[in-house]
Amino acid sequence: MRTRTCILCCLFLIVGGTFLASIASAQTPALEIRIDTVEATVYDTAVEVPVYLATSEDSVASFTLWIRLTHPTLCSLRTEIVTAGTLIEDWQYIHAQYIGDDGNDLRVVGVHNVVFPVIGLPPQSGETPFFKLVLDIKEPAAVFMSDEVDLELITQAPDFFTVSDPSQRPIGYQIDTVPDTSFWRCLAWEGEECFDWQRVSLPPYDSISVDLVEQLHLDTAEVHVSNGLVRVPELPCGDINGDNLVDLSDLIALVSYLFQGGAPPAFVWAANVNGSENLEVDLSDLIYLVNFLFQGGQPPQCY
Ligand SMILES: [Ca+2]
Ligand SMILES: [Ca+2]
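Everything quoted here is computed from the prediction, not taken from an experiment.

Engineer: How do you make sense of the overall build of the chain when you look at a structure like this?
Structural biologist: Each helix and strand counted, the chain has five helices and 15 strands in total. Sorting the 303 residues of the chain into buried and exposed places 23% on the buried side. Counting only contacts in the chain whose residues sit at least 6 apart along the sequence, the fraction spanning at least 24 positions is 69%.

Engineer: I tried to follow the nonpolar core on my own but got confused; where do I start?
Structural biologist: Nonpolar side chains tend toward joint burial in soluble globular proteins. Ranked by internal contacts, the top residues of the largest apolar core, which has 36 residues, are Val49, Val51, Cys75, Phe130, Leu135, Ile137 and Val230. When residues of this core are traced back to their parent elements, those giving at least two are strand E1 (31–35), strand E3 (46–55), strand E4 (62–70), strand E5 (75–82), strand E7 (105–111), strand E8 (129–137), strand E9 (148–154) and strand E10 (161–164). Filtering out sequence-adjacent residues up to four positions away, Phe130 remains in contact with Val51, Tyr52, Leu53, Thr86, Leu87 and Ile88. Ile240, Phe267, Val273 and Val281 belong to the second-largest nonpolar core, a separate cluster that totals 12 residues.

Engineer: Honestly, the sheet that holds strand E11 (residues 173–190) in this entry has me stumped. Any pointers?
Structural biologist: Working definition: the strands of a sheet are paired by backbone hydrogen bonds and lie parallel or antiparallel to each other. Here we have three strands laid out as an open sheet, ordered E12-E11-E13, and antiparallel in their pairing. Unpaired on one side and paired on the other, strand E12 (193–200) and strand E13 (207–218) mark the two borders of the sheet. Averaged over all pairs of adjacent strands, the angle between strand axes in this sheet comes to 35 degrees, irrespective of strand direction. Looking at chain direction, E11 and E13 are connected through 12 bridges and run antiparallel. Its bridge partner being in E13, Asp176 is matched across the sheet by Gln215.

Engineer: For this particular structure, what's the right way to read the pairing of E9?
Structural biologist: If a strand is regular, its side chains alternate between the two faces of the sheet. When E4 meets E9, the two strands line up antiparallel, connected through five bridges. When the sheet's bridge partners are listed, Arg68 is paired in E9 with Glu152. As defined by bridge partners, E9 adjoins strand E15 (residues 228–231) across four bridges and the pair is classed as antiparallel. Paired with Leu151 across the two strands is Gly228, which belongs to E15.

Engineer: For this particular structure, what's the right way to read the environment of Gly275?
Structural biologist: Looking at the secondary structure, you find Gly275 in the loop between helix H4 (268–271) and helix H5 (283–294). Judged by the 15 C-beta atoms lying within 10 Å of it, Gly275 falls in the partly exposed class. Sequence spacing of Gly275 and Cys302 is 27 residues, and the spatial spacing of their C-alpha atoms is 4.3 Å.

Engineer: Can you help me understand the environment of Phe183 in this one?
Structural biologist: Residue position: Phe183 is located in strand E11. Assessed through the 16 C-beta atoms surrounding it within 10 Å, Phe183 is described here as partly exposed. Counting along the chain gives 22 residues from Phe183 to Tyr205, while the straight-line C-alpha distance between them is 6.2 Å. With residues up to four places along the chain from it excluded, the contact list for Phe183 reads Val200, Ser201, Tyr205 and Ile208.

So, how was this worked out
Counting from 1, residues in each chain are numbered in the order their sequence is written. The lettering of chains begins at A and the numbering of ligands begins at 1, in the order of writing. pLDDT decides what is reported in this predicted model: residues at 70 or higher carry local features, side-chain atom pairs at 80 or more are listed and counted, and totals for whole chains, interfaces and linings draw on all residues regardless. Under the scheme used here, helices are H or I runs from DSSP no shorter than 4 residues and strands are E runs no shorter than 2 residues, and both carry numbers assigned from the N terminus. We call a residue exposed when 12 or fewer other C-beta atoms sit within 10 Å of its C-beta, buried when the count reaches 20 or more, and partly exposed for counts in between; the C-beta positions come from the backbone. This entry defines residue contacts through backbone-placed C-beta atoms, with two residues in contact when those atoms are within 7 Å. As used here, a nonpolar core is made of buried Ala, Val, Leu, Ile, Met, Phe, Trp, Tyr and Cys residues. They are joined through C-beta atoms within 7 Å. Only strands that DSSP links by at least two bridges are regarded as paired with each other. To get an axis, fit a line to the C-alpha atoms, keeping to the stretch in contact for a helix; angles then go from 0 to 180 degrees between the N-to-C directions.

Here it is as structure tokens:
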């Protein structure tokens, strides 16, 4: 009886331990790359988009990321990478270049240090930006057609998406051994013996060979990727509280901001209703908005 009780206890502990381990791995991936969601206005000329890195165990010494701008009606990607105040501020090598001719695909490569010993970033919680992308906002006339673009991380192959530890091992990849079949055609027979083989992709062929090759695959249970969104809202000038309308509530928000220590406008440009060149929001804007709302004055003109 005592023996049976012990076995039951052991089974319970093992099952319980496995259950806890699976929850822990689901909550904390070995590697997480996230492109932030960012909002800009049609009056911004450029916007910085933070990319975040979180690692639960590994130090990161180098990376390659392929980032694609989809539906590029609003913005264009720069090859400039902002590193000030980010995790890779002191890295020795940072390089970004376009892939293709349309400027919508960007490859970013970073190496912490190239001289031995390679150190790498210690595990990160993902609060400080890894680095920042820069997007130029296109002319307002082109923006009105759409108001969102996506920044997609391409992850199909190690050439597109790799993050490595100080030993240059990719983080979060599985290695599969798969058969690789090749077809051969003989170009020079001598009796039954061939002296010149040519590898071919179409029949006819005289021989087949099968090699075992190793392929790397991103382990999606270990690596989490989330793409970013850049939104450029088409807010009307004078919409100080950001609800897409220009009405009394905007006047109240402006009075609160100017005289009662209230929240600043959602977008400062939308509060510069008199279109002053210094872009400042002050009493003259309040008077302008009162004239428009109650005395038939000119509509807000932010630019
Ligand atoms: Ca409003
Ligand atoms: Ca003003």
